[in-house]
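# Reading the structure
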Amino acid sequence: MILAGVMGWPIAHSRSPRLHGWWLRHHGIDGAYVPLAVRPEMLEQALRALPVLGFAGCNLTIPHKELALPFLDHLDDDARRIGAANTIIVRPDGRLEGRNTDAFGFIAHLRASAPAWQPARRSAVVLGAGGAARAIVCALADAGVREIHIVNRRRDRAVALATAFGAAAAGWEDLPRLLAGAGLLVNATSLGMSGQPPLHVDLSPLPAGAVVDDIVYVPLETPLLAQARARGLTAVGGLGMLLHQARPGFEAWFGILPAVEPDLVALLEADIRG
Ligand code: NAP
């Protein structure tokens, strides 16, 4: 039996066990994917235990994605550039490889949901400069977006992220002007998420044909997405990024690159709606 899991603290909220469990059953694989509640101060010991316990690897979630880097033996390019790992592979010699699949998950879902989007045609505006925003800016730069504007509450974080990826930092007051020239707006803040303050953005300056991508997926239909749909813009929800980022890890551990099947989407949507 092949073993994998997800380490986080807390971990009960994670939807990854349901997601990987569905793929394991769908593909008839003899494997298990389990939640692993690991306190931050125990992270190194938990990671070192993976080969001993026979794990093929694991995902990392809050707050471990950045904390894990010093304990890993090898990082892929994305993990190094983003400064975080969300997927750990145990190599045959027991060494730990850290990968970041959030950038892949974001761009794969965006391309699947907005096939008409042309990265090089117009600029992109990213709201937020936290961990998710870092992966998204990395993905957009690699996809060929020539002009990326990062808007964040704490300006120093926007400047640091912009500097790392050749993007530009801007303030909330610049948004109307930036949106007027943008082909893509991404919300990578936690604003608009259940239990968090609302996100107030007026989408009216966006050109026709622009895409609005909100990576928040609780609720599934955020007010930002509803506003985009009401304007006739392409609205891309956050659940698909979560599903797509999981695919490369599943392939590395269980040997099959799984697809984002409609039945799986329906299962997780029902789960989120409660
Ligand atoms: P994070 O590192 O904590 O970053 C949070 C971001 O939100 C920062 O830019 C922060 O701005 C901003 N923010 C928080 N409260 C704010 C407020 N009251 N006013 C203005 N800005 C505020 O979190 P993260 O890991 O990047 O995650 C961000 C969101 O993305 C979360 O909702 C998370 O669930 C979602 N997410 C979704 C996926 C997916 O697969 N769909 C993947 C990862 C994350 P400051 O820098 O100024 O504090």
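Numbering of residues starts from 1 in each chain and follows the order in which that chain's sequence is written. Local features in a predicted model are, by the rule used here, given only for residues with pLDDT of at least 70; side-chain atom pairs are given and counted only at 80 or more, and totals for whole chains, interfaces and linings are based on all residues. As a convention, hydrogens and water are excluded, and side-chain values are obtained from all of the structure's heavy atoms.

### A short note on the sheet that holds strand β3 (residues 55–60)
Spatial ordering of the open sheet is given by β2-β1-β3-β5-β6-β4, a layout of 6 strands whose pairing is mixed. Taken across any chain shown, the strands that pair with only one partner, and hence form the sheet edges, are β2 (31–37) and β4 (74–75). Here, a strand pair is defined by DSSP locating no fewer than two bridges between the strands. Here a helix means four or more residues in a row that DSSP labels H or I, a strand means two or more in a row labelled E, and each is numbered from the N terminus. As paired strands, strand β5 (residues 87–90) and strand β6 (residues 96–99) are joined by 4 bridges and run antiparallel to one another. When the sheet's bridge partners are listed, Thr87 is paired in β6 with Arg99. Throughout, a residue-residue contact means that at least one pair of heavy atoms, one from each residue, lies within 4.5 Å. A fitted line through C-alpha atoms serves as each axis, taken over the contacting stretch for helices, and the angle formed by two N-to-C directions is quoted from 0 to 180°. Packed on one face of the sheet, helix α10 (residues 239–254) meets β1 (2–8), β2, β3, β5 and β6 and runs near 10° to β5.

### A closer look at the site of the ligand
Nearness of a residue to a molecule or strand requires only that one of the residue's heavy atoms be within 4 Å of it. The full set close to the ligand counts 20 residues, and Ala132, Asn152, Arg153, Arg154 and Arg157 are the nearest of them. Pairs of N or O atoms are called polar contacts if they sit within 3.5 Å, as long as, within protein, a hydrogen donor faces a hydrogen acceptor (for residues adjacent in sequence, only side-chain-to-side-chain pairs). Gly131 is positioned with one of its backbone polar atoms (N or O) 3.0 Å from an oxygen atom of the ligand. Here the ligand, which alone exposes 920 Å², has 79% of that area covered by the protein. Mapped by element, the contributors of at least two residues to the shell around the ligand are α6 (131–143) and α10. All amino acids are sorted into three groups, where Ala, Val, Leu, Ile, Met, Phe, Trp, Tyr, Cys and Pro are nonpolar, Asp, Glu, Lys and Arg are charged, and the leftover types, Gly among them, are polar. In terms of residue class, the shell around the ligand is built from 10 nonpolar, 7 polar and 3 charged. Working definition of accessibility: Shrake-Rupley area with a 1.4 Å probe, residue cover restricted to the visible protein chains.

### A short note on the sheet that holds strand β7 (residues 123–127)
Taken in spatial order, the 6 strands line up as β9-β8-β7-β10-β11-β12 in an open sheet, and their pairing is parallel. Taken across any chain shown, the strands that pair with only one partner, and hence form the sheet edges, are β9 (168–170) and β12 (234–236). Between one strand and the next, the sheet's axes are offset by a mean angle of 20°, whatever the strand orientation. Across 4 bridges, strand β10 (residues 182–187) lies against strand β11 (residues 211–214) in parallel orientation. Among the inter-strand pairings, Leu185 is bridged to a residue of β11, identified as Val212. Here α6 sits on the sheet in contact with β7, β8 (148–151) and β10, set at roughly 170° to β7.

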